[in-house]
Amino acid sequence: MFVVLKKNIKCCLGFFFKKPLAVSFLGNKNEINYFTYMFCAVCSLSWVRLMLKMLTSVFVERKTRHYIYHFSEAEKKTTLDQALRGVLGDQIIEQKTSCDDYLSLIYLSIDAVTEGICSATIPFVLLGDVLDCLPLDLCDKIFSFVEKNVSTWKSSSFYTAGKNYLLRMCNDLLRRLSKSQNTVFCGRIQLFLARLFPLSEKSGLNLQSQFNLDNITVFNKNEQESTLGQKQTDEKEDTMEVEEGEMGEDDAPAPCSIPIDYNLYRKFWTLQDYFRNPLQCYDKFSWMTFLKFSDETLAVFKSFKLDDMQASKRKMEDLRASAGEHVYFAKFLTSEKLMDLQLSDSNFRRHILLQYLILFQYLKGQVKFKSSSCVLNDDQSAWIEETTKLVYQLLSETPPEGEKFATMVEHILSTEENWNSWKNEGCPSFVKESDELTRLWNLNQDNMEACKSESREFMPSLDEFFAEAIEQADPVNMVEEEYKVVRNPNYGWRALRLLSRRSPHFFQPTNQKFKSLADYLDSMVSKLAKELPDIPSEEIKTGEEDDDDNGDNLLKDSNDSDKTVTNHQMDDIAAKLGSQWKTLASHLEMKAAEMREIETDSEDVDVQAKLLLVAWQEREGSQATVENLAMALSSAGFSQLAERLSEA
């Protein structure tokens, strides 16, 4: 039964892709033709689900009509998996199918996985089969499809099931590719893996700081075979053959002023072995060789400096015509004939100088898997520090935009130290889980209601916040102006926020002009000192009072018979007056213009009542007593409020 079902689905798939397969039907032809027709007419995944259901439930009936065989869900998925692989195999064998046909089948498998009628691994199996059977030029097109759908592979439906398949597929491709001829393709594969796997994926990390010791730079090590001695003679003969006037002055190649011989050639390329394996620098004799060769090489760079004029106009035009595309070689060209040109090339110099900086960072850095014997002595450390400065100087002097390039390199290497520290710590995950935050988040079922709780109120009262400022404003305490808290900008910013929330004085208009925030806070402190209860009887002059008002004080004596109205008392009266505050306003001799201004300042009737009392208090000054306010309340018809105020 399983073979029958697989062959029928395979037939439908082959018909859909216009590649009918020669299969022998073991079932009723009318039923098969019906399913095939339904498949081609609908052309969506819904028919696949329906076809599987009908084929597996009613297609085959055993001899006993009372028993019908039903497939499980796993068997249904396996059937479609095998059918998809069979269709792909037939397409590959025929070798007449384009890459688009392969990708159409893979797209169909992705949709089938999303619908839950196919195994999650089948798209990756199909990709592996295609890449294993196609040449490299077609593999490039297929891999473009893999790169384009990286977001699909990272989704929850595919990542767990397919990450190992993708890793194996990429490694197989890398083994087939040449690192020197297919450099770009290899780089695309590495970038794809970097996008696919998270940073903490251990399979993609060089945890033990191992080096690529297979990267060997090959150069001529036999001095007898060297042609550097004959080169200068050949160049003189070649220049004699060029007739005068055939080459312009700008197009003529600039003569190289660097004395190049075999010793310089050998020492220069020998340094690549130290860049390949930095552990050699910890050996005493190897270090002496590295030190000698480096000094000579850097001395050549220092003595022969490049400038922008050395680049020919023809070369610059070629670069502009190529729209900034650079030719990249995976390996250094070590021919003796190219030595003078390489030393005169700014990009080549930057490569060598950057190798020095990377090597120095490793030698000085703390690496977890470094041997205990790999330690620099004081002389080595001093030489590295001095040479690092020289390398950065040479980078800044190398055109074009040398200083910008040197600054960028220094920044990149400084951030690289953070990655080194992360690797030394065992590459912990960047996702931090805090038990304390989890506990706080689950304290209440409704977090928004919990935030509105009274226990979450952290705003201080006016008494608490301005107590120190009022104490410093007292002349008896003899606090100098520069040491007062109102001169602190942080304190001033917090004071303004608190006044805007809790004090009506913040919105009360005034004719005073303040030169600074501290002067404004001094005025506000003087006003608040009148309202705050339990204030000692020191005399604090306000800036609004005239010098003639010697009897008026900001802080009234508790034994004084005429007590001023406190802020708490005004709050209580304003809350009880509400919308009836206009009735009291006429008995407090408030003008109509002042009442309109109060209405425009706030729409809340309680706040309007409070602004009325504050305006009356500021106008009356020391005469804003409890007795006078009680009389105004009684005359306005609020006898109960007047009695409560007098009793308080």
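Every value quoted in this text rests on a predicted model; they were computed, and no experiment measured them. (Residues numbered from 1 in each chain as written. Predicted model: local features only at pLDDT ≥ 70, side-chain atom pairs only at ≥ 80, totals over all residues. Heavy atoms only, no water.)

Re the overall build of the protein
Using the following cut-off: Only runs of H or I of at least four residues qualify as helices and only runs of E of at least two qualify as strands under DSSP, and these elements are numbered from the N terminus. Note on classification: 1.4 Å probe, protein chains only; a residue is buried when its accessible area is under 20% of the maximum for its type, exposed when over 50%, partly exposed between these limits. Residue contacts are counted whenever heavy atoms from the two residues lie within 4.5 Å of one another. Per-residue and other accessible areas were derived by the Shrake-Rupley procedure at a 1.4 Å probe size, with only the shown protein chains allowed to occlude residues.
Summing up its helical and strand segments, the protein has 29 helices and zero strands in all. Looking at the protein residue by residue over its 648 residues, the buried ones come to 37%. Nonlocal contacts in the protein, meaning residues at least 24 apart in sequence, comprise 71% of its contacts between residues at least 6 apart. Accessible surface for the protein amounts to roughly 40400 Å². Of this, 50% is attributable to carbon and sulfur atoms.

Details of helix α6 (residues 122-133)
The condition is simple: How far a helix is expected to stretch is found by multiplying one less than its residue total by 1.5 Å.
When the terminal C-alpha atoms of α6 are compared, their 17 Å separation across 12 residues agrees well with the 16 Å that a helix rising 1.5 Å per residue should span. Buried residues dominate α6, accounting for nine of its 12 residues. Residues of α6 that are buried make contact with α4 (73-94), α5 (99-115), α7 (136-148), α8 (150-153) and α9 (159-176).

Examining the environment of T297
Summarising the element assignment, T297 is placed in helix α13 (residues 284-303). We classify T297 as buried; its relative accessible area is 2%. In the structure, T297 is positioned 33 residues away from L264 in sequence and 7.7 Å away in space, judged by C-alpha atoms. Excluding its chain neighbours within four sequence positions, the residues that come into contact with T297 are F268, L271 and Y356.

Considering unusual backbone geometry
Here the residue pair P399 and P400 is connected by a cis peptide bond, since its omega of -5 degrees sits within 30 degrees of zero. Its place among the elements puts P400 in the loop between α17 (378-397) and α18 (402-424). Despite not being glycine, M478 shows a phi value in the positive range, around 55 degrees. Tracing the backbone shows M478 in the loop between α21 (462-473) and α22 (489-502).

Points about a nonpolar patch on the surface
Heads up, the condition is: Nonpolar side chains (Val, Leu, Ile, Met, Phe, Trp, Tyr) within 5 Å and like charges within 9 Å form the patches, drawn only from residues with over 30% relative accessible area and no salt bridge. The working definition used for a salt bridge is a side-chain nitrogen of Lys or Arg within 4 Å of a carboxyl oxygen of Asp or Glu.
On the surface, L199, W419 and F430 cluster together into a nonpolar patch covering about 320 Å² of accessible area. Its place among the elements puts F430 in the loop between α18 and α19 (435-441).

Some details on the confidence of the model for the protein
Detailed reading of the predicted coordinates is not advisable wherever pLDDT falls low. Let me state the cut-off plainly: As a per-residue measure, pLDDT tells how confident the predictor is, with possible values from 0 to 100.
Here the protein averages 76 in pLDDT, while 75% of its residues score no lower than 70. Confidence scores differ between elements of the protein, with helix α2 (residues 29-42) showing the lowest mean pLDDT of 37 and α17 the highest of 95. Long-range and interchain partners of residues 14-50, a stretch whose pLDDT sits below 50, account for 52 contacts in this model, where long-range means more than four residues apart. Note on residues 239-256: pLDDT under 50 across the span, and six contacts to partners over four residues away in sequence or across chains.

Re the environment of D111
Topologically, D111 is positioned in helix α5. On a C-alpha basis, the gap between D111 and P123 in space is 9.6 Å, while along the polypeptide they are 12 residues apart.

Regarding the packing of helix α24 (residues 567-577) against helix α27 (residues 605-620)
Filter applied, for reference: The angle between two axes is taken between their N-to-C directions and runs from 0 to 180 degrees, where each axis is a line fitted to C-alpha atoms and a helix contributes only its stretch in contact. These descriptions rest on fixed angle ranges, namely under 35 degrees for roughly parallel, over 145 for roughly antiparallel, 65 to 115 for roughly perpendicular, and the rest for oblique. Left-handed describes a crossing whose near helix is turned anticlockwise from the far helix by less than a right angle; the clockwise case is right-handed. Three categories are distinguished: nonpolar for Ala, Val, Leu, Ile, Met, Phe, Trp, Tyr, Cys and Pro, charged for Asp, Glu, Lys and Arg, and polar for the others, with Gly belonging to the last.
Here α24 crosses α27 at 135 degrees, and the two axes come no closer than 8 Å. Of the possible angle classes, the one that applies to α24 and α27 is oblique. In the packing of α24 onto α27, the handedness of the crossing is right-handed. In this structure, α24 uses N567, M570, D571, I573, A574, A575 and L577 to contact α27, whose residues at the interface are D606, A609, K610, L613, V614 and Q617. In terms of residue class, the contact of α24 with α27 is built from eight nonpolar, two polar and three charged.

Topic: the nonpolar core
Here is a general trend for soluble globular proteins: nonpolar side chains tend to be buried in one another's company. Rule in force here: Think of a nonpolar core as a cluster: buried Ala, Val, Leu, Ile, Met, Phe, Trp, Tyr and Cys residues, connected wherever their side-chain atoms sit within 4.5 Å.
Judged by nonpolar contacts, the single largest core of 45 residues is most densely connected at V146, W153 and F192. Going through the elements one at a time, α4, α5, α6, α7, α8, α9 and α10 (183-196) are the ones with two or more residues in this core. Here this core gets nine residues from one element, more than from any other, and that element is α5. Listed in part, the 44 residues of the second largest apolar core include F275, V300, L343 and V367.

Regarding the pattern of salt bridges
Under the counting rule described, the total for this entry stands at 16 salt bridges. Its salt-bridge partner being K76, residue E73 comes within 3.6 Å of it at the nearest N-O pair. One end of the pair, E73, and the other, K76, are both in helix α4, three residues apart, so they sit about a helical turn from each other. The class for E73 is exposed, based on a relative accessible area of 52%. Overall, K76 belongs to the buried group, its relative accessible area being 16%. Of the charged contacts in the structure, one is a salt bridge between E296 and K267, with a shortest N-O distance of 2.9 Å. Separated by 29 residues along the polypeptide, E296 in helix α13 and K267 in helix α12 (residues 262-276) bring together distant segments of the chain. Three or more residues joined by partner-sharing salt bridges are found here, namely E481, K484, R487, D519 and D522.

A look at the state of the cysteines
Any covalent bond linking the sulfur atoms of two cysteines counts as a disulfide. Where we set the bar: Note on terminology: pairs of cysteine sulfur atoms within 2.5 Å are recorded as disulfides.
One pass over the full model with this rule turns up zero disulfides. Free of any disulfide, C99 has its nearest neighbouring cysteine sulfur in C139, separated by 8.4 Å.

Notes on α5
Think of an α-helix as 3.6 residues a turn; residues three or four steps apart then line up on the same face. A rise of 1.5 Å per residue sets the reference length of α5, with its 17 residues, at 24 Å; its end C-alpha atoms lie 24 Å apart and thus fit the reference within 8%. For α5, the complete set of buried residues consists of C99, Y102, L103, L105, I106, L108, S109, I110, A112 and V113. After α5 finishes, the residue G116 shows a positive phi value of roughly 80 degrees.

Quick word on the side chain of S109
Along the polypeptide, S109 turns up in helix α5. The buried category is assigned to S109, whose relative accessible area is 0%.

A closer look at the packing of aromatic side chains
Heads up, the condition is: Planes of paired rings set the category: under 30 degrees apart is stacked, over 60 is edge-to-face and the rest tilted, where pairs are Phe, Tyr or Trp rings (Trp by its six-membered ring) whose centres lie within 6.5 Å. Counting as a charge over the ring demands two things of the Lys NZ or Arg CZ atom: a distance within 6 Å of the ring centre and an angle within 35 degrees of the ring normal.
Counted under the stated rule, the structure contains 29 aromatic pairs. When the centroid spacing of 5.2 Å and the interplanar angle of 55 degrees are considered together, the rings of F124 and W153 count as tilted. In this pair, F124 is assigned in helix α6 and W153 in helix α8, connecting sequence segments 29 residues apart. Each ring, one from F465 and one from Y491, has its centre 4.7 Å from the other, and the planes form 10 degrees; the classification is stacked. Here F465 is found in helix α21, whereas its partner Y491 is found in helix α22, with 26 residues between them in sequence. A residue is classified by how much of its surface remains accessible, and F465, at 10% relative accessible area, is buried. Feature note: the residues Y274, F275, W287, F290, Y356, F360 and W383 constitute an aromatic cluster, connected by ring pairs. Over the face of the ring belonging to Y165 we find R168, whose NZ or CZ atom lies 5.5 Å from the ring centre. Across the ring face of Y362, the terminal group of K370 is positioned such that the distance to the ring centre comes to 4.6 Å.

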